[in-house]
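# Overview (structure and organization)
Residues per chain, in single letters:
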Amino acid sequence: MKLLIHRYAHVFLSIFLSFTSCMFSQNKFELNCGTVATTKSIELYKSLEPQLKALEQDFMLMKSSKARMSKNNINSIPIKAHIVRNLDGTGGLELTDLNKAIESLNEIYKNAFMNFFLYEKINYINNNQSQNITKGSEKSIIESNYVSGIINIYFIDYVKNELEESICGYTDKSEKINVIVMKNSCTTNDSSLSHEMGHFFSLTHTHGPSNSKQTTELVDGSNCDTDGDGICDTPADPKLSANTINNFCGYIGTETDAHGNTFNPDTRNIMSYSRKACRNKFSDQQFARMYAFYKSIESQITTPEMEQKVALNDDLTKVKIYPNPASNGSVYIQASLKDSTLHYKISNFQGQILAKGIVSNKEINVNNLASGSYLLVLENSSSRVVKKFMR
């Protein structure tokens, strides 16, 4: 009997060790992201913040309305894929891996009403020297391998930061450039590409903009909108690492915030530094933020074909409102409108909707608004525009 128990114990131990070994390999802590919040990126977000608040409110309303949850709300976003290979054309990211990565990206981002597609053919770059790059040196590749106006993703065998440390990738988003650089082996882990795309659409790490200082966001959430990642449905994060995440994606850290409260971060959030296999979700407010940012820069990531279509259908791109500040209790619309039905919505900078309706005779009554600054959203059947005005 004792021999039988011993054998069962041995079998159980073997299964347990095999299981934990498998979990460990799947949760292997790969090197982190190389994206850093710069002064320019922070200033860009701040300049768009009032507009983003209104667009985030739109997203939440659309998300809660089943009637508006249709294919018409899905935004098709072009990606230009650049695959770096050896000089003789060997190596590089496999096409099957690229397709799987895009499928994974779309499965996650469908909740932000986004769908990514490959623009034209894959651009293969056969250059031995470009197979191993340091952040910043990609400029030599971009000069001759870049499609303006859309998201350019470069898939490279080995990527390093300025300290010569291996990283999974990084994002460079500015008014003049739309670039994501990905390490091939990280492209297929189902979270790193989504993580970098999150940076592209203005998200910061859940531990905040700094990788060297602990977040000032408090565990009780009292400063969640100003500190950390500035998003209130992502818990305060002290910066996760291999030492604070176990093989079952549980947080085992003991760090405390400025009030002495122990952190309880979300180890599943894609924008965290958790193990790659643990990360599988964004929060609702993160989706809202990305949707809003996309809508605010939509014209910067549109293919030439899509630009032509917009030019034919979009009556609101050149719309003007006057007088501004408003006088005599009204603002007026100056535009050549083909669509007879033009909806409007007025909100404050906190996203609260104060008035809405249908524009009549190109005039909107704002007499009931208090003195101050507001956002005016105009929308017809084919386009949408946001304007700032004063009362």
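What counts and how
- Residues numbered from 1 in each chain as written.
- Predicted model: local features only at pLDDT ≥ 70, side-chain atom pairs only at ≥ 80, totals over all residues.
- Heavy atoms only, no water.
- Helix = DSSP H or I, 4+ residues; strand = E, 2+ residues; numbered from the N terminus.
- Buried < 20%, exposed > 50% of the residue type's maximum accessible area, 1.4 Å probe, protein only.
- Contact = heavy atoms within 4.5 Å.
- Areas by Shrake-Rupley, 256 points an atom, 1.4 Å probe, with all protein chains shown as cover.
- Phe/Tyr/Trp six-rings, centres within 6.5 Å; stacked < 30°, edge-to-face > 60°.
- Salt bridge = Lys/Arg side-chain N within 4 Å of Asp/Glu carboxyl O.
- Disulfide = S-S within 2.5 Å.
- Pairing = 2+ DSSP bridges.
- Axes fitted to C-alpha atoms, helices over the stretch in contact; angles between N-to-C directions.
- Left-handed = near helix turned anticlockwise from the far one by under 90°.
- Nonpolar A, V, L, I, M, F, W, Y, C, P; charged D, E, K, R; others polar.

### Some thoughts on the overall build of the chain
Counting its secondary structure elements, the chain contains eight helices and 15 strands. For the chain, with 391 residues in total, the buried portion stands at 46%. For the chain, long-range pairs separated by at least 24 residues make up 68% of all intrachain contacts whose partners lie at least 6 apart in sequence. Carbon together with sulfur atoms contributes 51% to the accessible area of the chain, which is approximately 20,400 Å² in total.

### Observations regarding the packing of aromatic side chains
If you walk through the whole model with that rule in mind, you get eleven aromatic pairs. The interplanar angle of 85 degrees and the centroid separation of 5.4 Å between the aromatic rings of tyrosine 109 and phenylalanine 116 together place this pair among those described as edge-to-face. You can call phenylalanine 116 buried: its relative accessible area is 2%. Here a set of aromatic residues connected by ring pairs shows up, and it is made of Tyr109, Phe116, Phe200, Phe201, Phe282, Phe287 and Tyr294.

### Side note on the pattern of salt bridges
Applying the stated criterion to the full structure yields seven salt bridges. Residue glutamate 164 pairs with lysine 160 through a salt bridge whose shortest N-O separation is 2.9 Å. Across the pair aspartate 266 and lysine 281 runs a salt bridge whose closest N-O atoms are separated by 3.4 Å. Note that aspartate 266 is positioned in the loop between α6 (192-200) and α7 (284-296) and lysine 281 in the loop between α6 and α7, a separation of 15 residues in sequence. Assessed through its relative accessible area of 37%, lysine 281 is described here as partly exposed.

### Topic: the state of the cysteines
For the coordinates displayed, the defined rule picks out three disulfides. Note that cysteine 224 is cross-linked by a disulfide to cysteine 232, the S-S spacing being 1.9 Å. Residues cysteine 224 and cysteine 232 share a disulfide whose torsion about the S-S bond is about 85 degrees; that sign makes it right-handed. Residue classification places cysteine 224 among the buried residues on the basis of a relative accessible area of 9%. We classify cysteine 232 as partly exposed; its relative accessible area is 38%. Taken N- to C-terminal, the disulfide-bonded cysteines of the chain are connected 1-2, 3-4, 5-6. The structure places no disulfide on cysteine 33, whose sulfur is separated from the nearest cysteine sulfur, that of cysteine 168, by 8.7 Å.

### A look at the sheet that holds strand β10 (residues 330-334)
Taken together, the three strands give an open sheet; going across it, the order is β9-β10-β13, and neighbouring strands pair in antiparallel fashion. This sheet does not close on itself; its edge strands, each paired only once, are β9 (320-327) and β13 (363-365). Across the sheet, the mean angle from the axis of one strand to that of its neighbour is 20 degrees, orientation sign disregarded. Sheet analysis places β10 next to β13, joined by three bridges and oriented antiparallel. The residue of β13 that forms the bridge with serine 330 is asparagine 365.

### Side note on the packing of helix α2 (residues 39-64) against α7
Remark: α2 packs on α7, axes separated minimally by 7 Å, with the N-to-C direction vectors making an angle of 115 degrees. Crossing angle aside, the handedness with which α2 passes α7 is right-handed. Across the interface between the two elements, Leu44, Tyr45, Leu48, Gln51, Leu52, Leu55, Glu56, Phe59, Met60, Met62 and Lys63 from α2 touch Asp284, Gln285, Phe287, Ala288, Arg289, Tyr291, Ala292, Phe293, Lys295 and Ser296 from α7. Class assignment for the residues of the contact of α2 with α7 results in 13 nonpolar, three polar and five charged.

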